[in-house]
Amino acid sequence: MKNRLREITPLMVVLDVLAARLKEARKQPDRGDVSISTVIIWVAVIGVAVGIATIIGVTLYNKYSAKLTGL
């Protein structure tokens, strides 16, 4: 029984901490809204990253396409 209690004790501590944090979150609710400017910035960053990856891919394909056709 003592071994089982030793195994469960860390889990009980974690659950207690999580319960305390949930209780605090209920007292001070945060809406968590994401502003439209943040969404625009993320879309732009992802678009630029995809564009760069496409340019690199096309450049490498054009450079090595002759070598790849012989495979």
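This is a predicted model, so every value here is computed, not measured.

Asks: How should the overall build of the chain be read in this particular structure?
Replies: Along the chain, the regular secondary structure elements total two helices and zero strands. Buried residues in the chain amount to 0% of all 71 residues. With an accessible surface of roughly 7,000 Å², the chain has 68% of that area assigned to carbon and sulfur atoms.

Asks: I would appreciate a short explanation of a nonpolar patch on the surface in the present structure.
Replies: Taken together, V48, I52, I56, L60, Y61, Y64 and L68 make up a surface patch of nonpolar side chains, about 690 Å² in accessible area. Counting through the fold element by element, I56 comes out in helix α2 (residues 36-69). Taking the relative accessible area as the measure of exposure, I56 reaches 47% and is therefore partly exposed.

The rules behind these values
Going along each chain's sequence as written, the residues are numbered from 1 onward. In keeping with the model being predicted, local features are shown solely for residues with a pLDDT of at least 70 and side-chain atom pairs are shown and tallied solely at 80 or more, while totals for entire chains, interfaces and linings include all residues. Calculation of side-chain values draws on the structure's entire complement of heavy atoms; hydrogens and water are dropped beforehand. Numbering goes from the N terminus for both helices and strands, where a helix is a DSSP run of H or I of at least four residues and a strand is a run of E of at least two. Only protein chains enter the accessibility calculation, which uses a 1.4 Å probe; a residue whose area is less than 20% of its type maximum is buried, one above 50% is exposed, and one in between is partly exposed. Per-residue and other accessible areas follow the Shrake-Rupley method at a 1.4 Å probe size, with only the shown protein chains counted as cover for residues. Only residues whose relative accessible area exceeds 30% and that form no salt bridge enter a patch; like-charged residues are grouped when within 9 Å of one another, and nonpolar side chains (Val, Leu, Ile, Met, Phe, Trp, Tyr) when within 5 Å. One speaks of a salt bridge when a side-chain nitrogen belonging to Lys or Arg is within 4 Å of a carboxyl oxygen belonging to Asp or Glu.

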